[in-house]
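# Fold and geometry: a report
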Amino acid sequence: MTTTQPPRTPLGSLPPREHLRLGQIATVLDVVVPVYNEERDLEPCVRRLHEHLARTFPYGFRITIADNASTDRTPEVAALLDDEIDEVTAVRLEQKGRGRALRTVWSHSEAPVLAYMDVDLSTDLNALLPLVAPLISGHSDLAIGSRLSRSARVVRGPKREFISRTYNLILRGSLAARFSDAQCGFKAIRGDVAARLLPVIEDTGWFFDTEMLVLAERAGLRIHEVPVDWVDDPESTVQLVRTAADDLKGVWRVGRALATGGLPLDRLARPFGDDPRDRELSGVPGGLARQLVGFCAVGGLSTLLYLALYSLFRLGVGPQLANAGALLVSALANTAANRRLTFGVRGRDRALRHQAQGLVVFAIGLALTSGSLAALDAAGGEASHGTELAVLVAANLAATVLRFLLFRAWVFPDRERPDDVRAPQPHATPEHNDLTRSAR
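What this report covers is the structure whose coordinates are included nearby. (Residues numbered from 1 in each chain as written. Predicted model: local features only at pLDDT ≥ 70, side-chain atom pairs only at ≥ 80, totals over all residues. Heavy atoms only, no water.)

Moving on, we come to the overall build of the chain. Helix and strand counts for the chain stand at 13 helices and nine strands. Taken over 440 residues, the chain has a buried fraction of 44%. In the chain, 80% of the contacts between residues at least 6 apart in sequence involve partners at least 24 apart. When the accessible surface of the chain is summed, it comes to about 22,100 Å², and 59% of that surface belongs to carbon and sulfur atoms. (Helix = DSSP H or I, 4+ residues; strand = E, 2+ residues; numbered from the N terminus. Buried < 20%, exposed > 50% of the residue type's maximum accessible area, 1.4 Å probe, protein only. Contact = heavy atoms within 4.5 Å. Areas by Shrake-Rupley, 256 points an atom, 1.4 Å probe, with all protein chains shown as cover.)

As a further point, take the environment of F412. Along the polypeptide, F412 turns up in the loop between α12 (385–411) and α13 (430–436). Spatially, the C-alpha atoms of F412 and N338 are 9.2 Å apart, while their sequence positions differ by 74 residues.

Our next topic: the sheet that holds strand β7 (residues 186–190). The mixed open sheet is built from seven strands, whose spatial order is β3-β2-β1-β4-β7-β5-β8. Both edges of this open sheet fall to β3 (88–93) and β8 (223–227), since each of them pairs with a single strand only. Strand-to-strand twist in this sheet, taken as the mean axis angle between neighbours without regard to direction, amounts to 20°. In terms of strand pairing, strand β4 (residues 113–117) meets β7 through five bridges, oriented antiparallel. Bridged to V113 within β7 is R190. On top of the sheet, helix α1 (residues 42–56) reaches β1 (29–35), β2 (61–68), β3 and β4; it is set at about 165° to β2, its chief contact. (Pairing = 2+ DSSP bridges. Axes fitted to C-alpha atoms, helices over the stretch in contact; angles between N-to-C directions.)

Turning our attention to the packing of aromatic side chains. Summed over the entire model, instances satisfying the criterion amount to 10 aromatic pairs. Taking 5.7 Å as the distance between ring centres and 80° as the angle between the ring planes, the aromatic pair formed by F57 and Y59 counts as edge-to-face. The exposure class assigned to Y59 is partly exposed, which follows from its relative accessible area of 33%. Plain terms: the ring middles of F343 and F412 are 5.1 Å apart, the flat faces sit at 25° to each other, and that makes the pair stacked. Separated by 69 residues along the polypeptide, F343 in the loop between α10 (319–342) and α11 (351–378) and F412 in the loop between α12 and α13 bring together distant segments of the chain. Comparing F343 with F412, the two get one shared label, buried. Site record: aromatic cluster; members linked through ring pairs are F295, F343, F404, F407 and F412. One residue, K96, lies across the ring of Y36, its end atom 4.2 Å from the ring centre. For R147, the ring lying beneath its charged end belongs to W230, and the centroid distance is 4.8 Å. (Phe/Tyr/Trp six-rings, centres within 6.5 Å; stacked < 30°, edge-to-face > 60°. Lys NZ or Arg CZ within 6 Å of the ring centre and 35° of its normal.)

The subject of this paragraph is the pattern of salt bridges. Inspection of the entire model under this criterion finds 19 salt bridges. Of the charged contacts, one joins R47 and E84 as a salt bridge, the two residues approaching to 2.5 Å between their closest N and O atoms. With a gap of 37 residues between them, R47 in helix α1 and E84 in helix α2 (residues 74–84) connect regions that are remote in the sequence. A residue is classified by how much of its surface remains accessible, and E84, at 51% relative accessible area, is exposed. The salt bridge partner of R92 is D67, with a shortest N-O separation of 2.5 Å. Residue R92 is located in strand β3, and its partner D67 is located in strand β2; the two are separated by 25 residues in the primary sequence. (Salt bridge = Lys/Arg side-chain N within 4 Å of Asp/Glu carboxyl O.)

We now examine the side chain of E211. Note that E211 resides in helix α7 (residues 208–218). Setting aside anything within four residues of it in sequence, one finds E211 in contact with V200, I201, E202, D203, R253 and V254.

A few words on the pairing of strand β5 (residues 142–146). For β5, the buried fraction is high: five of the five residues fall into the buried class. In β5, alternate side chains face the same way, and those of L142, I144 and S146 on one face and A143 and G145 on the other are all buried. In the sheet, β5 pairs with β7 via three bridges, with the strands oriented antiparallel. Residue pairing across strands places I144 opposite K187, the latter belonging to β7. Bridge count between β5 and β8: five bridges; the pairing is parallel.

Further remarks concern the nonpolar core. Within the largest apolar cluster, 43 residues are counted, with the highest numbers of intra-cluster contacts made by W106, L142, F179, I189, L197 and L215. Mapped by element, the contributors of at least two residues to this core are β3, α3 (98–108), β4, β5, α5 (158–175), α6 (191–197), α7 and α8 (240–260). With six residues, α7 is the single largest residue contributor to this core. If sequence neighbours within four positions are ignored, I189 has contacts with W106, P112, V113, L114, L135, D141, L142, A194, L197 and M212. Counting residues in each nonpolar core, the second largest holds 40 residues, with V77, A127, L128 and L131 among its members. (Core = buried A, V, L, I, M, F, W, Y, C linked by side-chain atoms within 4.5 Å.)

Let us look at the side chain of N323. Position of N323 among the secondary structure elements: in helix α10. A polar side-chain atom of N323 sits 2.4 Å from a polar atom in the side chain of Y306. The contact partners of N323, leaving out residues within four places of it in the chain, are Y306, Y310, L366, T369, S370, L373 and L392. (Polar contact = N/O pair within 3.5 Å; in protein donor to acceptor, adjacent residues only side chain to side chain.)

This part is about α3. The buried count for α3 comes to eight of 11 residues, which makes it a mostly enclosed element. Inspection of α3 places R98, G99, R100, A101, L102, R103, V105 and W106 among the buried residues, and these make up the whole buried set. For α3, the secondary structure elements touched by its buried residues are β1, β2, β3, β4, β7 and α7.

Structure below.
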């Protein structure tokens, strides 16, 4: 097996999703079963999966056994299944890692829909067709089984339940993930999306799933969730402590990359489709409602940070210096957060200029708040700390509307935001070429 494959789509933004032309495709679905030392479970799993697909899946399919450097009889069992069943293919990898196995097989598969599931078949196979149907129809880019959905039915011990829910809470709190279940071994992705997304993913182990979902979500790709019936495998060989530690390291790495703009997520984005609801309405600025929500959320957090810093600085200096210091720190954080979250500007290009322009906006806020404090002092008498805070909150609220208008019209104008779909470039740049290299 070769180790590289050219990208399937031109460089630039992904094209609009379309319903697959199934009559022209021999193999629509490629289901990967990654295994390591599974000589006992592999054959019944593959035969059961094959019987289910042959009975229920209306299109051509393939089952690929991805052996992760097994040291038992797993390669022999995989080879026998490959010989006996036409729709089964066995692939041998000399290095361990579920992520490595998925990347290798998915990168070289010609099927337009790619999926994987754990060898223990903990997930009810009746969820397989609902999992891949949105990808076939062109509705979604990725699909995941969810054990944490309200309508899911799950049988497992309290320790695994606690770990799973805690991990997903960490993802929501640290990476702002909105998908419900990152670890369920039951996922699918469109082939054109995988061709773009896989080279950006660094992890080769259990964190591969999470990294794939976080990057896809941040790029604006659509993730479909399917509630599943799931029964825990009591003899699972997954090392929970080591896996949890590796996952936390992955969360830190991806969070840092997202914060510094080191990921080319704009090249994973899709334009809107032909749904009338996706068309831009005349007279309404693009993305205004979303930007207002993001600006208010960032503003609320910035205000809390500002008040906390002001209270801290006030312990050692006067109100004017405390106000200036708290406003400066919170303004830098506010500009960086609005740059990324509200106005969708990614990468480091023009970051210093944006911060400089943000400081000008900061100066306006400083003038308003400092003027408010000066007016309070001129009113006579020594104001209480609570009164100072109330005046500062009112002044900051008054500056918020002006700050948003300046951010939208001057600091982050429309031409710098990736809201509008850009046509693919006629030639590849060095940055583009980085996306086509094989992942480590």
